[in-house]
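One letter stands for each residue in the lines below.
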Amino acid sequence: ISVDGREWLSGGVDKNLEIAKNKTSRITIPLSVKLTELSGGLLQALKGGNFEGFDVNGSFILDGDHSALNNVKVPINFKGQ
């Protein structure tokens, strides 16, 4: 997660995770927090409700029993407004 081009949080999972068919699963993703970058900007955003400049970028690989779900890379791109 970055704000105005400055990284606040980073992390990921380096192993395959299995989610049971027709079930809900919780996935834990370890994150590193850059407190020096996070402190002031996050407090201002939470106080004012202004998340402009917040970006969330990443991806995950989706694999399943169906051939359409075989090693599909799913990008995550969110830009706060």
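On a predicted model such as this, the values are computed, not experimentally measured, just so you know.

Enquirer: Summarise the overall build of the protein chain; cite the residues concerned and give the values.
Expert: Tallying secondary structure elements over the protein chain gives 1 helix and 6 strands in all. What you see in the protein chain, going N to C, is helices and strands ordered as β-β-β-β-α-β-β. Counting the 81 residues in the protein chain, one finds 12% classified as buried. Put simply, 38% of the contacts in the protein chain that link residues at least 6 apart link residues at least 24 apart. Total accessible area computed for the protein chain in this model is approximately 7000 Å², and 52% of it derives from carbon and sulfur atoms.

Enquirer: Before we move on, can you summarise unusual backbone geometry with the specific residues and values?
Expert: Glycine aside, the phi torsion of most residues is negative, and most peptide linkages are trans. One non-glycine residue with positive phi stands out, namely Asn71, at about 55 degrees. Here Asn71 shows up in the loop between β5 (54-62) and β6 (72-79).

Enquirer: Describe in detail the environment of Phe60, supporting the description with residues and values.
Expert: Structurally, Phe60 is set in strand β5. Between the alpha carbons of Phe60 and Val72 there is a distance of 8.2 Å; along the sequence they are 12 residues apart. Non-local contacts of Phe60, meaning those with residues more than four positions away in its chain, are made with Val72, Lys73, Val74 and Ile76.

Thresholds, definitions, all that
- Residues numbered from 1 in each chain as written.
- Predicted model: local features only at pLDDT ≥ 70, side-chain atom pairs only at ≥ 80, totals over all residues.
- Heavy atoms only, no water.
- Helix = DSSP H or I, 4+ residues; strand = E, 2+ residues; numbered from the N terminus.
- Buried < 20%, exposed > 50% of the residue type's maximum accessible area, 1.4 Å probe, protein only.
- Contact = heavy atoms within 4.5 Å.
- Areas by Shrake-Rupley, 256 points an atom, 1.4 Å probe, with all protein chains shown as cover.

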